[in-house]
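Structural overview
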Amino acid sequence: MEVLLDDRNERAGVKFNDRDLIGIPIRITVGKRANENIVEYSLREDGINEDIPVEAIGGDKIEEKFKKKKD
């Protein structure tokens, strides 16, 4: 798995649009709930946003979610 950190000084909408243009399949957004250890997870193919705990990012949990969505 590769990670792309978009730290440009752009609005979130611009960054999300660029993500779609590039074709990045998984987005993890660190936002307002980061202090609660919650991040936003999204697959490009279905566009559904899901709040997940930070602990779910490591290991195989994200890969499992990605594979389940593809099946």
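Now for a look at the structure at hand. All values reported here derive from a predicted model rather than from experimental measurement. (Residues numbered from 1 in each chain as written. Predicted model: local features only at pLDDT ≥ 70, side-chain atom pairs only at ≥ 80, totals over all residues. Heavy atoms only, no water.)

1. Thoughts on the nonpolar core
Rules: Residues belong to a common nonpolar core when they are buried Ala, Val, Leu, Ile, Met, Phe, Trp, Tyr or Cys residues joined through side-chain atoms within 4.5 Å. Note on classification: 1.4 Å probe, protein chains only; a residue is buried when its accessible area is under 20% of the maximum for its type, exposed when over 50%, partly exposed between these limits. A run of H or I in DSSP counts as a helix once it spans at least four residues, and a run of E counts as a strand once it spans at least two, with each numbered from the N terminus.
Core analysis: the largest hydrophobic core is formed by five residues, namely Val 39, Tyr 41, Leu 43, Ile 52 and Ala 56. Sort the elements by how many residues they give to this core and strand S2 (residues 38–43) lands first, with three residues.

2. What about the pattern of salt bridges?
For clarity, the cut-off: Here, a salt bridge means any Lys or Arg side-chain nitrogen found within 4 Å of an Asp or Glu carboxyl oxygen.
What the rule picks out here adds up to six salt bridges. When the shortest N-O distance is used, the salt bridge between Arg 8 and Asp 6 registers 2.8 Å. Classification of Arg 8 by relative accessible area gives partly exposed; the value is 36%. Of the residues examined, Asp 6 reaches a relative accessible area of 27% and is grouped as partly exposed. The shortest N-O distance in the salt bridge between Arg 33 and Asp 51 comes to 3.0 Å. Placement of Arg 33 in the loop between strand S1 (26–29) and S2 and of Asp 51 in strand S3 (residues 49–53) is noted, with a sequence separation of 18 residues between them. Residues joined in a network through salt bridges with shared partners are Asp 6, Arg 8 and Asp 18.

3. A word on the side chain of Arg 27
The following threshold applies: Whenever two N or O atoms come within 3.5 Å, that pair is a polar contact, provided that in protein one can donate a hydrogen and the other can accept it, and provided that, for residues adjacent in sequence, both atoms are side-chain atoms. Pairs of residues are marked as contacts when any of their non-hydrogen atoms sit within 4.5 Å.
Looking at the secondary structure, you find Arg 27 in strand S1. Residue classification places Arg 27 among the buried positions, given a relative accessible area of 12%. There is a polar contact of 3.2 Å between the side chain of Arg 27 and the side chain of Asn 49. Residues contacting Arg 27, with those up to four places away along its chain left out, are Phe 16, Arg 19, Glu 40, Tyr 41, Ser 42 and Asn 49.

4. Considerations on the environment of Ile 28
Mapping Ile 28 onto the fold places it in strand S1. Residue classification places Ile 28 among the partly exposed residues on the basis of a relative accessible area of 33%.

5. Considering the sheet that holds S2
Put simply, the rule reads: Strands were regarded as paired on the criterion that DSSP finds at least two bridges between them. Note on method: axes are straight lines fitted to C-alpha atoms, helices fitted across the in-contact stretch only, with angles between N-to-C directions ranging 0 to 180 degrees.
Strands sit in the order S1-S2-S3 across an open sheet of three strands; the sheet is antiparallel. The open sheet terminates on both sides in strands that have one partner only, identified here as S1 and S3. Taking the axes of each pair of neighbouring strands and ignoring which way they run, one obtains an average angle of 30 degrees across the sheet. As judged from the five bridges shared by S2 and S3, these two strands associate in the antiparallel manner. Looking across to S3, one finds that Val 39 is bridged to Ile 52.

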